[in-house]
Structure formats: structure tokens, C-alpha cells
Amino acid sequence: MKQQVAALDFAPQLCAAVVSPDRALLGQVVKEIKEVGVSSQEIKTLLVPAVARRLGENWLGDSATFGDVTIGCARLQNLVRCLKTNRLTRLIHPANLITPLNCLVIVPQGTQHTLGAVVLADHLRSAGAHVRMALGVDNVTAGRFAACQSPDAIMISAPAEANIGNLRQLIQKLRQKSASAKIILGGGVATERSDLALVTGSDYVSNEIHAALDLVKSDSREE
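About the thresholds
Residues numbered from 1 in each chain as written. Predicted model: local features only at pLDDT ≥ 70, side-chain atom pairs only at ≥ 80, totals over all residues. Heavy atoms only, no water. Salt bridge = Lys/Arg side-chain N within 4 Å of Asp/Glu carboxyl O. Helix = DSSP H or I, 4+ residues; strand = E, 2+ residues; numbered from the N terminus. Buried < 20%, exposed > 50% of the residue type's maximum accessible area, 1.4 Å probe, protein only. Patch = residues over 30% accessible without salt bridge, like charges linked within 9 Å, V, L, I, M, F, W, Y side chains within 5 Å. Areas by Shrake-Rupley, 256 points an atom, 1.4 Å probe, with all protein chains shown as cover. Axes fitted to C-alpha atoms, helices over the stretch in contact; angles between N-to-C directions. Parallel < 35°, antiparallel > 145°, perpendicular 65-115°, else oblique. Left-handed = near helix turned anticlockwise from the far one by under 90°. Contact = heavy atoms within 4.5 Å. Nonpolar A, V, L, I, M, F, W, Y, C, P; charged D, E, K, R; others polar. Pairing = 2+ DSSP bridges. Right-handed = clockwise from strand over helix to strand, strands pointing away. Expected span 1.5 Å × (residues − 1). Arc of directions from axis to C-beta.

Trainee: How would you explain the pattern of salt bridges if you had to name every residue and give the values?
Mentor: Taken as a whole, this structure holds 4 salt bridges when the rule is applied. When the shortest N-O distance is used, the salt bridge between Asp203 and Lys182 registers 3.9 Å. You can see Asp203 sitting in the loop between helix H10 (196-200) and strand S5 (204-205) and its partner Lys182 sitting in strand S4 (residues 182-186), a full 21 residues away along the chain. Exposure remark for Asp203: the relative accessible area of 18% places this residue in the buried category. Taken together, the shared-partner salt bridges connect Arg175, Lys182 and Asp203 into one network.

This is the structure in C-alpha cells:
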């Protein structure tokens, strides 16, 4: 019982790490936890479930966003994989783990400014991703891009004034043409409402590029 209490004492620290924009923080926290004597088995069987419950409680209590819960759970899943294979360096040095993801960046038709999407594409390429852009396209054209490219991730950059119904229709079309791709919604619209992922059908809403990449990689990585 003493070991269980000691392990669970780290739940708040681990919970903060899995939702942090600092991608290296999770590895640092896990390293510290193991250094004080908490085993990998305790982390997997005690800490991870406790943190998962905490994320859900925070969402229900409106102290965490849908995006926080999504990326937090994705990182917990990756943590379990790394502990299982004893590859903690994947957490401690995340910059060395970026695999070449295939990304499609879309700016919907009618959007006047594309600078944000261009900056996004540049950051993705710097992170090692293969990027193709589709600027100012309608739903049918966007679907064709998705079908031809078979992307791992589709990132939509939309302004704050974007029509939610139009975005939902765009995402539905993209799902039809590329069912396996993760769809990330960002841009000015990402700050407009907390339930944006739910009402549009996107997998994640974020302007934090590395967090979005973590989400995609956690689902596509094979150990």
C-alpha cells in the first residue's frame, strides 16, 4: 500500500505533463518518477489510469478542453507503449522521434488570408513532415486532394468568421475521401468555441502544431 500511495502522489504532475505544450516535459517527469523508485508497472497500472480519470473529470468540470483530453490520452497511450518496450528515450528526446508524416494543409474557399497556412506548412516541413497545400479550394476539390494524397493528417486553417456548417460539410467530405487521416482544425476559428471539435467532426482543434503532430503519430506509430 505504501508504494501505491507514493506512485499516485505523482498523478497531478503527470497530468500536467501530458497536456503541456512542452513536448519534452512528459519524458522528464517520467524519468523523475522512476528515479524515486516508482516502477514501470506501477506507472502503467496505477498512474496512467489515475491520470486518465483526472483528464475526464477535468473535462466534465470545464477545467480542460476537449483538445486537452484528446492529446493527453494520446500521450498516455504512447507512454504505455514506451514503458512496455523500454524505450523511454522516445519521451525524453521527442525531437529525435519525428517520423515523416504526410500532411495536407487546406484553406477553405472564400478565405481571404492564407499567410497562417503558409506558416503552418513551413513549421510542418521543419518538423520533418511531407506537406502539400490546397489553398482556397471548395469541398469537392479538397476531397480530391485528400483522395490522391492519402495523408496521415489533414490540417484545415480557417478564420474566426468561418461558417461552422460549411466546415462540418468540408470535414465530412474529407472523411469520405480519406477515412484514416486525422483531421486537425486550426486558425482563428480555433479560439471561437470550446466544442468546435464536436460540432465540426474534426479529431482535434489546435493552433499548437507539435501537439497536433503528437496526436497523429500516437495513432500511426507501430512498435
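Trainee: Outline a nonpolar patch on the surface, supporting the account with residue identities and numerical values.
Mentor: Together, Leu115, Val118, Val119 and Leu135 give the surface a local cluster of nonpolar side chains, amounting to about 340 Å² of exposed area. Per-element tally for the nonpolar patch: the top contributor is helix H7 (residues 115-126), with 3 residues. With respect to the helices and strands, the residue Leu135 is situated in strand S2 (residues 130-137). Judged by relative accessible area, Leu135 falls into the partly exposed class, the value being 39%.

Trainee: Can you tell me about the packing of helix H2 (residues 11-18) against helix H3 (residues 25-35), naming the residues and giving the values?
Mentor: Between H2 and H3, the least distance of the axes is 8 Å, while the angle of their chain directions is 160 degrees. In terms of orientation, H2 lies roughly antiparallel with respect to H3. The crossing of H2 and H3 is left-handed. Taken together, the residues of H3 that come into contact with H2 (itself represented by Gln13, Leu14, Ala17 and Val18) are Leu25, Leu26, Val29, Val30 and Glu32. Among the residues forming the contact of H2 with H3, the class breakdown is 7 nonpolar, 1 polar and 1 charged.

Trainee: Before we move on, can you summarise the pairing of S4 with the specific residues and values?
Mentor: Looking along a regular strand, one sees side chains alternate from face to face of the sheet. Across the 5 residues of S4, 4 count as buried, placing the element largely inside the fold. In terms of strand pairing, strand S3 (residues 153-157) meets S4 through 5 bridges, oriented parallel. By the bridge assignment, Ile154 is partnered in S4 with Ile183. Viewed along the sheet, the connection from S3 through helix H9 (residues 164-177) into S4 turns out right-handed.

Trainee: How would you explain helix H5 (residues 66-85) if you had to name every residue and give the values?
Mentor: A rise of 1.5 Å per residue sets the reference length of H5, with its 20 residues, at 28 Å; its end C-alpha atoms lie 29 Å apart and thus fit the reference within 8%. Of the positions making up H5, those classed as buried are Gly67, Val69, Thr70, Ile71, Gly72, Ala74, Arg75, Leu76, Asn78, Leu79, Cys82 and Leu83. Phi turns positive one or two residues past the end of H5, at Asn86, with a value near 55 degrees.

Trainee: Residues and numbers for the environment of Leu170, please.
Mentor: Looking at the secondary structure, you find Leu170 in helix H9. Given a relative accessible area of 4%, Leu170 falls into the buried group. A C-alpha to C-alpha distance of 8.4 Å links Leu170 and Val140, two positions 30 residues apart in sequence. Beyond its immediate sequence surroundings of up to four residues, Leu170 is in contact with Ile106, Pro108, Asn139, Ala142 and Ile156.

Trainee: An account of the sheet that holds S5 is needed here, citing residue identities and associated values.
Mentor: Either a parallel or an antiparallel arrangement is found when strands of a sheet pair, and the pairing is made through backbone hydrogen bonds. Pairing is parallel in the open sheet, where 5 strands are placed in the order S2-S1-S3-S4-S5. What marks the edges here is a single partner per strand, and that holds for S2 and S5. Bridging between strand S1 (residues 102-108) and S2 involves 7 bridges; their strand directions are parallel. Bridged to Pro108 within S2 is Val137. Along the sheet, H9 contacts S1, S3 and S4; its crossing angle with S3, the most-contacted strand, is approximately 160 degrees.

Trainee: Got a sec to walk through H2? Specific residues and values, please.
Mentor: All of the buried residues along H2 are Ala11, Leu14, Cys15, Ala17 and Val18. Buried residues of H2, seen end-on, are gathered within an arc of 160 degrees and therefore sit on one face of the element.

Trainee: Could you give me a rundown of the pairing of S1, with the residues and numbers involved?
Mentor: Within S1, 7 of the 7 residues are buried, which leaves it mostly tucked inside the rest of the structure. Here S1 shows a buried face lined by Asn102, Leu104, Ile106 and Pro108 and a second buried face lined by Cys103, Val105 and Val107. Crossover handedness for the path S1 to H7 to S2: right-handed. Pairing analysis gives 4 bridges linking S1 to S3, with the strands arranged parallel. Note that in S3 the partner of Cys103 across the bridge is Ala153.

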